[in-house]
Amino acid sequence: MRSDFHLHSSFSADSDAPMRDMVEKGISLGLSAMCFTEHMDYDYIDEGMVFEADIPSYCKTLTSLKEEYEHKIELLFGLELGLQPYLKERCESLVKNWDFDFVIGSSHVVNGQDPYYPAFFEGRTEKESYISYFESIIENLHTMSCFDVYGHIDYVVRYGPNKNQFYSYKEYSDWLDEIIRLLIDKGLGMEINTGGYAAGLGHPNPHEDILKRYRELGGEIVTIGSDAHAPKRIAADFDRACSILKKCGFRYHAIFRKRKPTFELLC
C-alpha cells in the first residue's frame, strides 16, 4: 500500500506540522499518493482550539504543493468532517461547494462531549459509554451520507477507562452490525485507521473483527489511513494493516479522486 488517506497538517487545529514537511516525508517513504483530510468539526472548540479548517487557505497551499511535486507524488484534497445530526445542512453545503477528492465522516463529539476527555465516561459504565458512541454513529448514518467512508468507527475505545481490555466486536455486535449494514446500504466505505496502534490498543480502528464482519456482509470499500498529525506517523503500521485486510478477505483497497473510488491490489 503506497497511499495514505488520513493525514493532518497545521491546517488542523491539533497539528503544527507544515504541509510541506508532511509531503517531503511521504516522498521519502516512497508513497505514490497522499490525501490530506484536515479537520472540520463545526461548533467544537477544544481548550481554545477551533476545529474548523480554513478551507480557502488549505486549498491554496495544497494546490501549490500539488503543482510543485506533481512528478514525485500525487496530492489529494480531502476533509475529515465531524458529524452530528443537527449539522446536516452545514455539512452537506460545505461538501457541495468544494471540489474535494475524498471526505471522511467521523464522530468526535457525542451530545456535546468528546470521548478524548474523561468527562465523557463520568456517571455511566464504560459499556454504556461505548454504546452511546455507537448509537450516535447510527443516528448520523440515518441523517446524512455526504461523505465517502466512516472514520475510526470505534474511536471511543482509544480513550475508555480500560481502553479495549473488555471490548470486542461480539460484545457490541448489535450496534456494530447496524452500522455496517447502513454503510453498505448507502454505498459508503470504512477506513482502517492505524492510529489505534499509536493509542496503545494493539489493533487498528476499527478492530479487525469489525472489518471482517463488514466484508462478510458484502462491504468492499476500505481505505487505509495513518491519522498522522506529524511526519513521523505517516504510513505507520501499514504492513499490519495490509496483513489484517487480507485476513479479513479483502483483495483491494480504495483510492478516491473527485469522490469516486478506484481499487488497487493490496501489497
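Residues numbered from 1 in each chain as written. Predicted model: local features only at pLDDT ≥ 70, side-chain atom pairs only at ≥ 80, totals over all residues. Heavy atoms only, no water.

Before we go on, may I ask you to explain empty space enclosed by the protein in this structure?
Left-over empty space is what a probe sized like a water molecule reveals as it rolls over the atoms. Considering all chains together, one arrives at one cavity of 30 Å³ or more under this definition. What the largest cavity holds in volume is close to 40 Å³. If you go around the largest cavity, the residues you meet are Asp 154, Val 157, Asn 164, Tyr 167, Leu 201, His 203, Pro 204, Asn 205 and His 207. The residue makeup of the lining of the largest cavity, split by class, is four nonpolar, four polar and one charged. (1 Å grid on protein atoms, 1.4 Å probe; cavity = no way out; pocket = protein on both sides within 12 Å on 5 of 7 lines; lining within 4 Å. Points joined across faces, edges and corners; volume = space filled by probe spheres on them. Nonpolar A, V, L, I, M, F, W, Y, C, P; charged D, E, K, R; others polar.)

Whenever I open this one, the environment of Leu 87 confuses me. Can you help?
With respect to the element layout, Leu 87 can be found in the loop between β4 (74-82) and α3 (88-97). In the structure, Leu 87 is positioned 45 residues away from Tyr 42 in sequence and 7.6 Å away in space, judged by C-alpha atoms. Once residues within four sequence positions are removed from consideration, Leu 87 is found in contact with Tyr 42, Asp 43 and Gly 82. (Helix = DSSP H or I, 4+ residues; strand = E, 2+ residues; numbered from the N terminus. Contact = heavy atoms within 4.5 Å.)

Honestly, unusual backbone geometry in this entry has me stumped. Any pointers?
The phi torsion of most residues other than glycine is negative, and most of the peptide bonds are trans. For the bond from Asn 205 to Pro 206, the omega torsion is 0 degrees, close enough to zero to count as cis. Relative to the helices and strands, Pro 206 is located in the loop between α6 (195-198) and α7 (208-216). With a phi close to 60 degrees, Asp 227 is a non-glycine residue in the positive phi region.

Please explain the pattern of salt bridges as it appears in this structure.
Close approach of charged atoms lets side chains of opposite charge pair. For the structure on display, the rule yields 12 salt bridges. Two residues, Asp 99 and Lys 258, come together in a salt bridge whose shortest N-O distance is 2.9 Å. In this pair, Asp 99 sits in the loop between α3 and β5 (102-106) while Lys 258 sits in the loop between β9 (252-257) and β10 (260-265), placing the two residues 159 residues apart along the sequence. The exposure class assigned to Lys 258 is partly exposed, which follows from its relative accessible area of 47%. One salt bridge connects Glu 216 with Arg 213, and the closest N-O pair in it is separated by 3.5 Å. Here the residue Glu 216 and the residue Arg 213 both occupy positions in helix α7, the gap between them amounting to three residues, near one helical turn. Beyond isolated ion pairs, a larger network of salt bridges with shared partners links Asp 177, Arg 213 and Glu 216. (Salt bridge = Lys/Arg side-chain N within 4 Å of Asp/Glu carboxyl O. Buried < 20%, exposed > 50% of the residue type's maximum accessible area, 1.4 Å probe, protein only.)

Honestly, the packing of helix α4 (residues 126-143) against helix α5 (residues 173-185) in this entry has me stumped. Any pointers?
Between two packed helices, what matters for the description is the angle formed by their axes and the separation of those axes. α5 packs onto α4 with a crossing angle of 20 degrees between their chain directions and a minimal axis gap of 10 Å. With respect to each other, α4 and α5 are oriented roughly parallel. For α4 against α5, the interelement crossing comes out left-handed. Of α5, the residues touching α4 (which contributes Ile 131, Phe 134, Glu 135, Ile 137, Ile 138, Leu 141 and His 142) are Trp 175, Leu 176, Glu 178, Ile 179, Leu 182 and Leu 183. The class makeup of the residues in the contact of α4 with α5 is 10 nonpolar, one polar and two charged. (Axes fitted to C-alpha atoms, helices over the stretch in contact; angles between N-to-C directions. Parallel < 35°, antiparallel > 145°, perpendicular 65-115°, else oblique. Left-handed = near helix turned anticlockwise from the far one by under 90°.)

Would you take a moment to explain the layout of surface pockets for this structure?
Computed from the structure, the largest pocket encloses a volume of approximately 510 Å³. Along the wall of the largest pocket there are 24 residues; nearest its centre are Asp 14, Tyr 116, Arg 158, Tyr 159 and His 229. Breaking the lining of the largest pocket down by element, the ones donating at least two residues are β2 (33-46), β3 (49-52) and α6. Looking at the lining of the largest pocket element by element, the count peaks at four residues for β2. Each residue belonging to the lining of the largest pocket can be placed in one class, and the counts come to nine nonpolar, seven polar and eight charged. The calculated volume of the second largest pocket comes to roughly 160 Å³.

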